[in-house]
Amino acid sequence: MTESATPSVPSVACPGWCRGCGPNDPMHRGFIATIGRERTGWVSLQLLIDRFARRDLAVKLDATRYGATQTVLLSAAQLDRLIDELTHARHVMRAPVGQGQRTGEAR
């Protein structure tokens, strides 16, 4: 008589969207986007999900300029705030330009 038991240890197999986690890396890393130019700098975003559910999921934001990189982990609330601010900035940039005034410039 054979019984099939459910494993007590979570599976270490990565989901299809995971990019770059290794056997000792506790986080699934989903590549989202890199935006910018080589000479002036760029911003990269990754979705990080703890494979063993010890930490909440986060978005890793890397900002690189002239070879120096700063990394920030954003919680869901911080990510919502960033999206709101970027959406507002996009609306301002797309607003019609008035007579004698350039977009984004207030005097």
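Preceding block: the structure.
All figures in this text were calculated on a predicted structure; none of them were measured in a lab. (Residues numbered from 1 in each chain as written. Predicted model: local features only at pLDDT ≥ 70, side-chain atom pairs only at ≥ 80, totals over all residues. Heavy atoms only, no water.)

(A) Representation of the sheet that holds strand β2 (residues 41–50). Judged by pairing direction, the sheet is antiparallel, and its 4 strands sit side by side in the order β1-β2-β3-β4 without closing on themselves. Of all the strands in the sheet, the pair left with one neighbour each is β1 (27–37) and β4 (68–74). Strand-to-strand twist across the sheet, computed as the mean angle between neighbouring axes with direction ignored, equals 15°. Sheet analysis places strand β3 (residues 58–65) next to β4, joined by 7 bridges and oriented antiparallel. Note that in β4 the partner of D62 across the bridge is T71. Set on the sheet, helix α1 (residues 76–94) makes contact with β3 and β4; between it and β4 the angle comes to about 115°. (Pairing = 2+ DSSP bridges. Helix = DSSP H or I, 4+ residues; strand = E, 2+ residues; numbered from the N terminus. Axes fitted to C-alpha atoms, helices over the stretch in contact; angles between N-to-C directions. Contact = heavy atoms within 4.5 Å.)

The values are spatial; any link to function lies outside them.
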